[in-house]
Amino acid sequence: MIFPLLDKLALAGLHAMDAETAHGVTIKALKSGLVPACRVPRDARCQVKLWDLDFPNPLGMAAGFDKNGEVPDALLKLGFGFTEVGSVTPNAQPGNPKPRVFRLPADEGVINRYGFNNEGHAALRARLEARPRQAGIVGINVGANKDATDRVADYVAGIEMFADMASYFTVNISSPNTPGLRNLQARDALAELLTGVMSARDANANTLGRKVPVLLKIAPDVSDQEMEEIVAEVLAKGVDGLIVSNTTLARTGLRPDPRRDEAGGLSGKPLFRRATIALAKARKLAGPDLPIVGVGGIDSAETAWTKITAGANLIQLYSSMVFKGRGLVGEILEGLSRELDKHGLASLDEARGSNVEAWASASVD
Ligand SMILES: Cc1cc2nc3c(=O)[nH]c(=O)nc-3n(C[C@H](O)[C@H](O)[C@H](O)COP(=O)(O)O)c2cc1C
């Protein structure tokens, strides 16, 4: 009982600060070990085996929370089944001027235009090497420097740098905050990028022959035709999965708030519908076998379950932690078990995609 109360006080304190300061304080607290570990339910029906990885549960922390790999183990202790560090670029870069992240409390949304601020490959590598135990599933999300003359080369450098330590890679071409980055989603550019990335991945198989799974993270704002082309390229190049989605540039349906017109990517509750429709469309195009991570607006067991029934094998969240705190992880996992009970299912796999048609044909407005 004491922890929920302390959590509430901590959240209130964090919300009294600007969003970026609050994030920094949270990272510090997680690093210091002051945030107690969470006991979350273990339900064998919610374990997920994908590639050569055994996920203890399907819920991960999305990229961007731990850009520099400072707290992967602390996040796993909160009960997440996996975590994703990054986005990381070859060279350290400061990102955009502050302020660059804004809460929209009435909508439980976040707008950010960080612009890939991060400490670069070498610093991330040093941190991950220093982890006391290399346990748990830690994905590495790679990006390109803002001033890169050859962006494909930046992604390839990320694969080469971390091939011996990443549980999986995410190739992030969907941040709206690096000018031109999303153009890599266009067919010809994407084909060139994926050829480069997949051959680097194959060439860097470890001594045991392990080829790190590579996932492509896409925007929720792609047109139907772009989505068709993306999925076709992903299948053609043997990419191991998709992450749907990153933040949106859309601003529809937001309550009045002076911050809603800030430039950047919108995430959290207001993203849920758009991201879930994009997920279902990707699932329909890809067929049942391509692993897809559903992300965007998950803030409850119900929204987590909806992502799975819209086609997700795994799910991630970030923004809802800002509004609901660490208790949310256990709440979602308990709720997923309850949904399985309710539907009499033996695994999440049995639920996956059961509602894909309805979501794939829904409209965003
Ligand atoms: C402050 C912030 C920073 C983010 N930074 C990254 C990033 O560096 N790389 C990335 O792939 N996604 C990044 N994201 C996107 C999230 O990983 C996620 O795709 C998106 O926020 C939707 O999930 P949510 O609604 O649960 O937040 C960021 C999101 C937020 C809110």
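Rules used throughout
Residues numbered from 1 in each chain as written. Predicted model: local features only at pLDDT ≥ 70, side-chain atom pairs only at ≥ 80, totals over all residues. Heavy atoms only, no water. Core = buried A, V, L, I, M, F, W, Y, C linked by side-chain atoms within 4.5 Å. Buried < 20%, exposed > 50% of the residue type's maximum accessible area, 1.4 Å probe, protein only. Contact = heavy atoms within 4.5 Å. Patch = residues over 30% accessible without salt bridge, like charges linked within 9 Å, V, L, I, M, F, W, Y side chains within 5 Å. Areas by Shrake-Rupley, 256 points an atom, 1.4 Å probe, with all protein chains shown as cover. Salt bridge = Lys/Arg side-chain N within 4 Å of Asp/Glu carboxyl O. Helix = DSSP H or I, 4+ residues; strand = E, 2+ residues; numbered from the N terminus. Near = heavy atom within 4 Å. Polar contact = N/O pair within 3.5 Å; in protein donor to acceptor, adjacent residues only side chain to side chain. Nonpolar A, V, L, I, M, F, W, Y, C, P; charged D, E, K, R; others polar. Right-handed = clockwise from strand over helix to strand, strands pointing away. Pairing = 2+ DSSP bridges.

(A) Summary view of the nonpolar core. Ranked by internal contacts, the top residues of the largest apolar core, which has 81 residues, are Ile140, Tyr155, Leu216 and Leu242. Excluding residues that lie within four positions of it along the chain, leucine 242 makes contacts with Leu216, Ile218, Ile230, Val231, Val234, Ala282, Leu290, Pro291, Ile292 and Val293. Formed by 13 residues, the second largest nonpolar core is a distinct cluster that contains Leu53, Ala62, Leu215 and Val295.

(B) Summary view of a nonpolar patch on the surface. A grouping of Leu5, Leu6 and Leu9 is seen on the molecular surface, where their side chains present a nonpolar patch of about 300 Å² in accessible area. On the secondary structure map, leucine 5 appears in helix H1 (residues 2–15).

(C) Quick look at the site of the ligand. Taken together, 24 residues surround the ligand, and among them Ala63, Ser87, Gly268, Gly297 and Ser319 come closest. Between an oxygen atom of the ligand and a side-chain N or O atom of asparagine 172, the distance comes to 3.0 Å. The side chain of serine 319 places a nitrogen or oxygen atom 2.6 Å from an oxygen atom of the ligand. Protein coverage of the free-state accessible area of the ligand, which is 610 Å², stands at 97%. In terms of residue class, the shell around the ligand is built from 8 nonpolar, 14 polar and 2 charged.

(D) Quick look at the pairing of strand S10 (residues 241–244). Every second residue of S10 is oriented toward a common face, with Gly241 and Ile243 on one face and Leu242 and Val244 on the other, all of them buried. With respect to chirality, the unit in which strand S9 (residues 214–218) leads through helix H7 (residues 224–236) into the neighbouring parallel S10 is right-handed. Relative to strand S12 (residues 292–295), S10 runs parallel, the two being bridged by 3 bridges. Within the sheet, the bridge partner assigned to valine 244 lies in S12 and is glycine 294.

(E) Examining the pairing of strand S5 (residues 101–104) more closely. In S5, alternate side chains face the same way, and those of Val101 and Arg103 on one face and Phe102 and Leu104 on the other are all buried. Bridge count for S5 against strand S6 (residues 109–112) is 4 bridges, and the pairing is antiparallel. Bridged to leucine 104 within S6 is glycine 109. Hairpin connection of S5 to S6: 4 residues between the antiparallel strands, including glutamate 108 at a positive phi of 50°.

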